[in-house]
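# Inside the fold
Below are the chains, spelled out letter by letter.
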Amino acid sequence: MTARIVPVSAIPSIDSVRPAGESRAGGSFADVFAGAVRNVEAYGRNASASVERFLSGEGEELHSTVLATQRAEMAFELFLQMRNKVVSAYQEIMRMQM
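Description of the structure in this document. (Residues numbered from 1 in each chain as written. Predicted model: local features only at pLDDT ≥ 70, side-chain atom pairs only at ≥ 80, totals over all residues. Heavy atoms only, no water.)

## A closer look at the pattern of salt bridges
Under the criterion given, the structure shown has two salt bridges. One salt bridge in this structure joins Glu60 and Arg53, with 3.0 Å as the shortest N-O distance. Across the pair Glu92 and Arg95 runs a salt bridge, and its minimum N-O distance is 2.8 Å. Taken together, the residues Glu92 and Arg95, both in helix H2 (residues 62–95) and three residues apart, mark about one turn of the helix. Accessibility expressed as a relative area gives 42% for Glu92, which makes it partly exposed. (Salt bridge = Lys/Arg side-chain N within 4 Å of Asp/Glu carboxyl O. Helix = DSSP H or I, 4+ residues; strand = E, 2+ residues; numbered from the N terminus. Buried < 20%, exposed > 50% of the residue type's maximum accessible area, 1.4 Å probe, protein only.)

Laid out in structure tokens, this is it:
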């Protein structure tokens, strides 16, 4: 019995870190940040669940497990880079003389 090959879904764009239903100009920084954290956590939970299913032999394919873990890693790296940029911008603003 061979498994059917399914297409790989597209990697979400940077717009996916914005909470659903908000426009580009809308929402506070706290809302955007909380939405980004929720998305990164969701990718991590999906990856953990996929690994658990694979290790327990529940029919999870190796390639889908690897893709889920890579997606979670990429989402975390993107979030980390965004955080670094925000901290850098904040530090630059604090160095300005008034």
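What follows picks up the thread again.
## A short note on a nonpolar patch on the surface
A surface patch of nonpolar side chains, amounting to about 380 Å² of accessible area, comprises Phe54, Leu55, Leu62 and Val66. For the nonpolar patch, the secondary structure elements donating two or more residues are helix H1 (29–56) and H2. By the element assignment, Phe54 lies in helix H1. Residue Phe54 is classed as partly exposed on the basis of its relative accessible area of 33%. (Patch = residues over 30% accessible without salt bridge, like charges linked within 9 Å, V, L, I, M, F, W, Y side chains within 5 Å. Areas by Shrake-Rupley, 256 points an atom, 1.4 Å probe, with all protein chains shown as cover.)

## As for the packing of aromatic side chains
This model, assessed by the stated rule, comprises two aromatic pairs. For the ring pair Phe29 and Phe33, a centre distance of 6.0 Å and an interplane angle of 25° mean the geometry is stacked. Taken together, the residues span about one helical turn, with Phe29 and Phe33 both in helix H1 at a distance of four residues. Under the relative-accessibility criterion, Phe33 is labelled partly exposed at 38%. (Phe/Tyr/Trp six-rings, centres within 6.5 Å; stacked < 30°, edge-to-face > 60°.)

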